[in-house]
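Descriptive structure summary
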4 protein chains.
Amino acid sequence: MMVRTDLALEARENIGEGADQVRGVTVSEYSIPELDIRVTRVNVDTKNGAKIIGKPMGTYVTLEVPNLREPDSGYHEEISHVIAEHLREMLPIGKGGMSVLVVGLGNRDVTADSLGPKVVDHLRITRHILDRFGTAAYAGRTMSRVSAIAPGVMARTGMEAEEVIRGIVVQTEPDAVLVIDALAARSTKRLNRTIQISNTGIHPGSGVGNHRNALTEESLGVPVIAIGIPTVVDAGTIVSDALERSGRSIEIDPATWTSELHNFYVTGKDIDEIVHLVSYTLSEAINEALQSEWLQS
Amino acid sequence: MMVRTDLALEARENIGEGADQVRGVTVSEYSIPELDIRVTRVNVDTKNGAKIIGKPMGTYVTLEVPNLREPDSGYHEEISHVIAEHLREMLPIGKGGMSVLVVGLGNRDVTADSLGPKVVDHLRITRHILDRFGTAAYAGRTMSRVSAIAPGVMARTGMEAEEVIRGIVVQTEPDAVLVIDALAARSTKRLNRTIQISNTGIHPGSGVGNHRNALTEESLGVPVIAIGIPTVVDAGTIVSDALERSGRSIEIDPATWTSELHNFYVTGKDIDEIVHLVSYTLSEAINEALQSEWLQS
Amino acid sequence: MMVRTDLALEARENIGEGADQVRGVTVSEYSIPELDIRVTRVNVDTKNGAKIIGKPMGTYVTLEVPNLREPDSGYHEEISHVIAEHLREMLPIGKGGMSVLVVGLGNRDVTADSLGPKVVDHLRITRHILDRFGTAAYAGRTMSRVSAIAPGVMARTGMEAEEVIRGIVVQTEPDAVLVIDALAARSTKRLNRTIQISNTGIHPGSGVGNHRNALTEESLGVPVIAIGIPTVVDAGTIVSDALERSGRSIEIDPATWTSELHNFYVTGKDIDEIVHLVSYTLSEAINEALQSEWLQS
Amino acid sequence: MMVRTDLALEARENIGEGADQVRGVTVSEYSIPELDIRVTRVNVDTKNGAKIIGKPMGTYVTLEVPNLREPDSGYHEEISHVIAEHLREMLPIGKGGMSVLVVGLGNRDVTADSLGPKVVDHLRITRHILDRFGTAAYAGRTMSRVSAIAPGVMARTGMEAEEVIRGIVVQTEPDAVLVIDALAARSTKRLNRTIQISNTGIHPGSGVGNHRNALTEESLGVPVIAIGIPTVVDAGTIVSDALERSGRSIEIDPATWTSELHNFYVTGKDIDEIVHLVSYTLSEAINEALQSEWLQS
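What this report covers is the structure whose coordinates are included nearby. (Residues numbered from 1 in each chain as written. Chains lettered and ligands numbered in written order. Predicted model: local features only at pLDDT ≥ 70, side-chain atom pairs only at ≥ 80, totals over all residues. Heavy atoms only, no water.)

Looking only at helices and strands, one finds 12 helices and nine strands in chain A. For chain A, buried positions account for 59% of its 297 residues. Sequence-distant contacts in chain A: of pairs separated by 6 or more residues, those separated by 24 or more amount to 73%. Entry remark: accessible area of chain A is about 11,500 Å², with carbon and sulfur atoms responsible for 47%. (Helix = DSSP H or I, 4+ residues; strand = E, 2+ residues; numbered from the N terminus. Buried < 20%, exposed > 50% of the residue type's maximum accessible area, 1.4 Å probe, protein only. Contact = heavy atoms within 4.5 Å. Areas by Shrake-Rupley, 256 points an atom, 1.4 Å probe, with all protein chains shown as cover.)

Encoded structure:
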């Protein structure tokens, strides 16, 4: 039975017993007790590991933040710092900053799919300023050249996000691409409280609106870092899970009558407040990661 | 097991065998083959009927429109006419028009809950014009005095929609209130393809964001007509249904582990396009119903 | 020649020479040098003073903040504190907090007129929470009961904002009303850098969309505090001023050919960024003023 | 004195006396009395003509539609037909349709600058559908391959619209680009009632937010057709005009004290309703022009 999840953490769990000993997949975990955050780092090191876990080779850091939904600005500031730190690890930001194109995937008009466009709305955009005034004007502090785009979804543009982004990358030559997207989880308990940061880019997958071709170093020619937060669960998955839990999954054929369900998704009733809140947290994390030198000096 | 549905049609089906012979509930059906519309009129005539069916006394007209999602403007115009006709039956519009406050319930920022506010955006508002120029200026044709408000949701206003609307009704004294709201269905097959028009107002219920106190003739002092379209299914309901279909509902206790699911809802992946499309259709229907005399003359 | 301004500061300047000695109008000024803010307090003490200055009796505090447009969050936090202080002076907030209805006037869909609705979007709404859990649950700290509404503009609702607000006030009985609105200034040099706080409410006036009836203690029955920021200048006013400065205002009749201009307004090219930025600053100020006891304890 | 206008019609008027005999500029006019539309076609045929009139060589068709602001859907449908006809003249649409990238310039969050993004919202997008199902599936009728993008403004993206569009054009290889933008007029009497269609693309110019590099056949490699509607007048221009009309323009130096005014623009108080209304009219015109064969068969 197909399991739809964008989280490496869940993909690993899906393997079931013995997940800890999969060859080619290294897992390490630790907690940040004062913030009630659990950090899991999944490294998919070999092709074989990638095949078993169903996720491309690379590093996936997952932050589980049970209180991500709390509207406490001081707390969210702390979370931003943690995310920024992981971003800086994955992005090869030099002393002189770097040139990054931030891509907000998703549909601005669908609440559960609007995370990417909303993160982009709050970013500190600097590319045009540095181009005009030169970096010399900012001597003593180092700024990254940040540009951003929300390419829209295929139903509205007629183009794959990949085509749009590849065109812009060829034209503007950033050092790296940073993609933000709303993800699909397998379990409702991960919705809106989990942040995944990976250096593998974005792969055709579950997502909210299925609006994703590959956005990877292979397709774009520069490193692609991805940040995502699961905001939906596929409706078919939730029902399959329910049947499985009830011990009946073998005897009936859920695939038949749940296939229609894959046109639907499950989301939380407070999704708009969460997206509003968390999009700021991610923006601040990105701003901090890319302009960090500036803030330190 | 609690079944969450705002549709009288589904409430009736829930009774199961013998639903057709419930005393105090009259059901009649007919089709409009050229539009592929099936019309069901449920009359809840007695208190006993209301108790059995779980819906207040009154009339519920349901239009099942399988092609409601098709972006064909000519077809939607035809649907508008049908809705307008049913609205005119329920609203006591006299020769001189009437004074109607249209209320768009729901959260503009949550796609599946934004139907009400979006319908209100497209209405032909006339109250302030008629107040300024007088109806004499429109001699020979009769116009209703239309006002409208989208009161927002309690998490954003701190007030029940009922409080806001009652205050406005007392102040502006409309002849009737027309409420638009996104509904919850029991079955995904009814999502975005069913229109319910009733003369019973809105009752505390399932809805998308549970943002509803009673908006009824009893609470507001004037007749309350309601139009709704189901855009969500409660996630707990969908799982309960799945279990039931698998024949396992009796042996396990779904209530326990599905209760958490009631914080989630299921919606279609193309919800934004549907709400965009259908909100126009409803606005046009209301405009036609309330300004009908004008259009005829 | 009619001068259109919502700022008491400008109304006073309009009197020209001798403005400092107008009987019934007391003016005091001071600076906050570390924030580069100039504070002017205009007290209109008598009916005669009100007549001369063209503004109702009461207190008008104007903060001139030349750097209000700078996207520096630390600086805006400081400005929020200053605004909160003046709000607390005008609002009779007792030890136990108070009940306040915040009203965001204006049209959400017109950038220059969207300040009110956007401020309301970011407020900490507490009325429904305190109603459910009781104030005892928050013992030791005092919280105001905050509710909020953006009533929309008459072209969209068919109702005066005054009718809507009066209805809600009668229904929900707040201790005070706090109105936020985009204002019209006389001079472009005041746009987006001036904040006016007054205890006189809102009077029919220039505004962006002329969408204002009186929202005053007289019309609503409770004290009405108003906060506004000028975001537009009337296009006729700007031309009249130009002619006057050129020394030609007497010889020609500007009224004739500038009257058409009063259907237009002048606004800054960066208006969306300013409204986005400043709406947060005002929201934070209101949150701080109304929840101050909580923050202190 | 610099005159800021995007309208070839006004550029020509600016020349003053003898405008009709400028060598290299051909002008023809006619009326559509039943729609109260005046059509002016300005052909700039030579480099010399381009220099005198201050607009690049090419064809500019201007429709003056005094009633463009009337919310009469039947009337707007007629206007759509007229625009579609002119579009088909300029776009080399063959029997098999053509591949067109529609670009909506401007800032979605600034009412007066949101025309482009809003037009794009309502387009019939077909590129991805034809790519998936093939044109054979639509045998007997010919459909253009339509894609669309609203690239955002430089303050938000850090990139020139030109860079973004050039990248997408190289990647997706459309036959032509169709650009929609809000324009700047010289005179308020042209605001929101004039439509300009040209085959010269978009040139760095006045616009609302000054967000424009060249989008031309030269820069993009394919024909660029532009449609625009003036929604703003530069505030400096309006004042200069006023002074000129008062006969004082020579004696004083308006440039000095109006230069600050160029950071401001003038727009109509009903701008949101107009943009809402007219964006549909333009979308329908584009849909009709590009899918015309389909509609005819």
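With that settled, the discussion passes to the interface of chain A and chain B. Taken together, the contact between chain A and chain B spans 36 residues of the former and 36 residues of the latter. Between chain A and chain B, the buried area comes to about 2,900 Å², and carbon and sulfur atoms account for 58% of it. In terms of surface lost to chain B, no three residues of chain A exceed F264, Y265 and K269 of chain A, which account for 23% of the buried area on that side. For the pair chain A and chain B, the interface holds four salt bridges. K269 of chain A serves as the salt-bridge partner of D234 of chain B, at 3.7 Å between the closest nitrogen and oxygen. Inspection of the chain A/chain B interface yields 11 residue pairs in polar contact (both at pLDDT 80 or more). Where the side of chain A that touches chain B is concerned, the elements lending two or more residues are α6 (154–157), α9 (235–245), β9 (264–268) and α11 (271–290) of chain A. Counting residues per element, the side of chain A that touches chain B draws most heavily on α9 of chain A, at six residues. Along the lines of polarity and charge, the residues of the side of chain A that touches chain B split into 16 nonpolar, nine polar and 11 charged. (Buried area = accessible area lost by both parts, 1.4 Å probe. Salt bridge = Lys/Arg side-chain N within 4 Å of Asp/Glu carboxyl O. Polar contact = N/O pair within 3.5 Å; in protein donor to acceptor, adjacent residues only side chain to side chain. Nonpolar A, V, L, I, M, F, W, Y, C, P; charged D, E, K, R; others polar.)

Looking at soluble globular proteins, one finds that nonpolar side chains tend to be buried together. Ranked by size, the top nonpolar core spans 43 residues in total, and within it I37, V102, I195 and I286 of chain D carry the most contacts. Setting aside chain neighbours within four positions, we find I286 of chain D in contact with L87, V102, V119, L123, L178, I180 and I227 of chain D. (Core = buried A, V, L, I, M, F, W, Y, C linked by side-chain atoms within 4.5 Å.)

Residues and elements named next belong to chain D. Compared with the 16 Å implied by 1.5 Å per residue over 12 residues, the 16 Å span of helix α7 (residues 161–172) between its first and last C-alpha is a close match. Taken together, the buried positions of α7 are occupied by A161, E162, E163, V164, I165, G167, I168, V169 and T172. E173 sits one or two residues past α7 and shows a positive phi near 50 degrees. (Expected span 1.5 Å × (residues − 1).)

Function cannot be inferred from these measures alone, as they are strictly geometric.
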